[in-house]
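Chains, contacts and geometry: an overview
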Amino acid sequence: MCGRYALFRWNPAFAALPGFPTDQQAQWNISPNDSVLIQRQGDGQRTLARARWGLTPPWLTDLSRTPAHARAETLAEQPMFREAFRLRRCLLPANGFYEWRGTQRKRPYWLTPGEGSTLFFAAIWEAYPVQEQVWLSTAVVTQAAQNQRRPLILDAAGQQAWLDPETPLQTLQALLASEPAVLRERVLANLVNDPKLNGPECLTPG
């Protein structure tokens, strides 16, 4: 399962999008419950906002149960996710994500389409009102890939279709069932195992 990812590099065009936080810092080790950037479609343009990684619908009463992931295979049917899938789709920008493999002693791996690239995970979002403030939350859509659950990574056409509120259900279902992205990977040292570590040393080769 993709429980950690990173966003530490972005280009000027991304930073120029409406909503880009002026105090945005590099994040090398993002975990569930952290504050993350989401990209949405609004008024004909893409915008950015901060959200908590852990979906929190406004009807949820047990805030200890906020899922960070949503399975692509059941996204359209699960009560927790189906309305957000229909009405509130977004993207999570990243430079790559971490994966742990092994039986007795798991090793971390870094996965990315290419060094220096930016990728976009399919995701959904919710708004949770608290008194006079509204908090945003999100969950990453995952798919089965090589005995793991990995983020559904969308190319440029897929990103546009995912964000467009007019995209037909059939097209969205085709995206959910698409082949997993081809990724580069390299084994890392165990430094990234510490969720509190947030620096380039997370990518130290193993």
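Scroll up a little and you will see the structure.
First, a word on scope: everything that follows refers to the structure included in this document. Computed from a predicted model, the values in this text were never measured in an experiment. (Residues numbered from 1 in each chain as written. Predicted model: local features only at pLDDT ≥ 70, side-chain atom pairs only at ≥ 80, totals over all residues. Heavy atoms only, no water.)

1. Section: the overall build of the chain
Per the secondary structure count, the chain includes four helices and twelve strands. For 206 residues, the compact-globule estimate of 2.2 N^0.38 gives 17 Å, and the C-alpha radius of gyration of the chain, at 17 Å, lies within 12% of that figure. Overall, the C-alpha framework of the chain stretches about 45 × 35 × 35 Å when taken along its three principal axes. Restricting the contact set of the chain to residue pairs at least 6 apart, pairs at least 24 apart contribute 65%. Total accessible area on the chain stands at roughly 10700 Å², and carbon and sulfur atoms take up 51% of it. (Helix = DSSP H or I, 4+ residues; strand = E, 2+ residues; numbered from the N terminus. Rg over C-alpha atoms; globule rule 2.2 N^0.38 Å. Contact = heavy atoms within 4.5 Å. Areas by Shrake-Rupley, 256 points an atom, 1.4 Å probe, with all protein chains shown as cover.)

2. What about the sheet that holds strand E7 (residues 96-101)?
Taken together, the five strands give an open sheet; going across it, the order is E2-E1-E7-E8-E12, and neighbouring strands pair in antiparallel fashion. What marks the edges here is a single partner per strand, and that holds for strand E2 (27-30) and strand E12 (184-187). Direction aside, neighbouring strands of the sheet carry axes that sit 25 degrees apart on average. With three bridges connecting them, strand E1 (residues 4-7) and E7 associate as antiparallel partners. Across the sheet, the residue bridging to Arg4 is Tyr98, located in E7. (Pairing = 2+ DSSP bridges. Axes fitted to C-alpha atoms, helices over the stretch in contact; angles between N-to-C directions.)

3. Overview of the nonpolar core
Judged by nonpolar contacts, the single largest core of 50 residues is most densely connected at Tyr5, Ile38, Leu75, Leu92, Phe121, Ile124 and Trp162. Here this core takes seven residues from strand E9 (residues 119-130), the largest share from any one element. Setting aside chain neighbours within four positions, we find Leu92 in contact with Tyr5, Val36, Leu37, Ile38, Leu119, Phe120, Phe121, Ala123, Thr138 and Val140. Tyr98, Trp110, Val192 and Leu197 belong to the second largest nonpolar core, which has ten residues in total. (Core = buried A, V, L, I, M, F, W, Y, C linked by side-chain atoms within 4.5 Å. Buried < 20%, exposed > 50% of the residue type's maximum accessible area, 1.4 Å probe, protein only.)

4. Notes on the layout of surface pockets
A water-sized probe rolled over the atoms picks out the places where empty space is left. Roughly 240 Å³ of internal volume is contained in the largest pocket. In terms of lining, the largest pocket is formed by Ser35, Arg50, Ala51, Arg52, Thr56, Leu63, Thr66, Tyr128, Val134, Trp135, Leu136 and Ser137. Of all elements in the fold, only strand E4 (45-53) and strand E10 (133-145) reach the threshold of two or more residues within the lining of the largest pocket. The element that contributes the greatest number of residues to the lining of the largest pocket is E10, accounting for four residues. For the lining of the largest pocket, the residue count by class is six nonpolar, four polar and two charged. (1 Å grid on protein atoms, 1.4 Å probe; cavity = no way out; pocket = protein on both sides within 12 Å on 5 of 7 lines; lining within 4 Å. Points joined across faces, edges and corners; volume = space filled by probe spheres on them. Nonpolar A, V, L, I, M, F, W, Y, C, P; charged D, E, K, R; others polar.)

5. Concerning the environment of Gln24
Here Gln24 lies in the loop between helix H1 (12-15) and E2. Given the relative accessible area of 11%, Gln24 is considered buried. Taking C-alpha positions, Gln24 is 9.6 Å from Phe8, a pair spaced 16 residues apart along the chain. Setting aside anything within four residues of it in sequence, one finds Gln24 in contact with Trp10, Leu37 and Arg50. A polar contact is formed between the side chain of Gln24 and the side chain of Arg50, at a distance of 3.4 Å. (Polar contact = N/O pair within 3.5 Å; in protein donor to acceptor, adjacent residues only side chain to side chain.)

6. Some thoughts on the pairing of E10
Note: E4 against E10, two bridges, orientation parallel. Of the residues in E10, the one forming a bridge with Arg52 is Ser137. Taken together, the three bridges between strand E5 (residues 69-71) and E10 define a ladder with parallel strand orientation. Bridge assignment links His69 to a residue of E10, and that residue is Val140.

7. So, the packing of aromatic side chains
Tallied over the entire structure, the rule returns ten aromatic pairs. Considering the side-chain rings of Phe14 and Phe20, the 6.0 Å spacing of their centres and the 80 degrees angle between planes classify their relative orientation as edge-to-face. Neither Phe14 nor Phe20 differs from the other in exposure class; each is buried. Ring geometry for Tyr98 versus Trp110: centroids 5.0 Å apart, planes at 50 degrees, classification tilted. Taken together, the residues span a long stretch of sequence, with Tyr98 in strand E7 and Trp110 in strand E8 (residues 107-112) at a distance of twelve residues. Neither Tyr98 nor Trp110 differs from the other in exposure class; each is buried. In this arrangement the basic side chain of Arg89 is found over the ring face of Trp162, its NZ or CZ atom lying 5.9 Å from the centre. The cationic tip of Arg101 hangs over the ring face of Tyr109; the distance from NZ or CZ to the ring centre is 4.1 Å. (Phe/Tyr/Trp six-rings, centres within 6.5 Å; stacked < 30°, edge-to-face > 60°. Lys NZ or Arg CZ within 6 Å of the ring centre and 35° of its normal.)

Read these as geometric descriptors, not functional statements.
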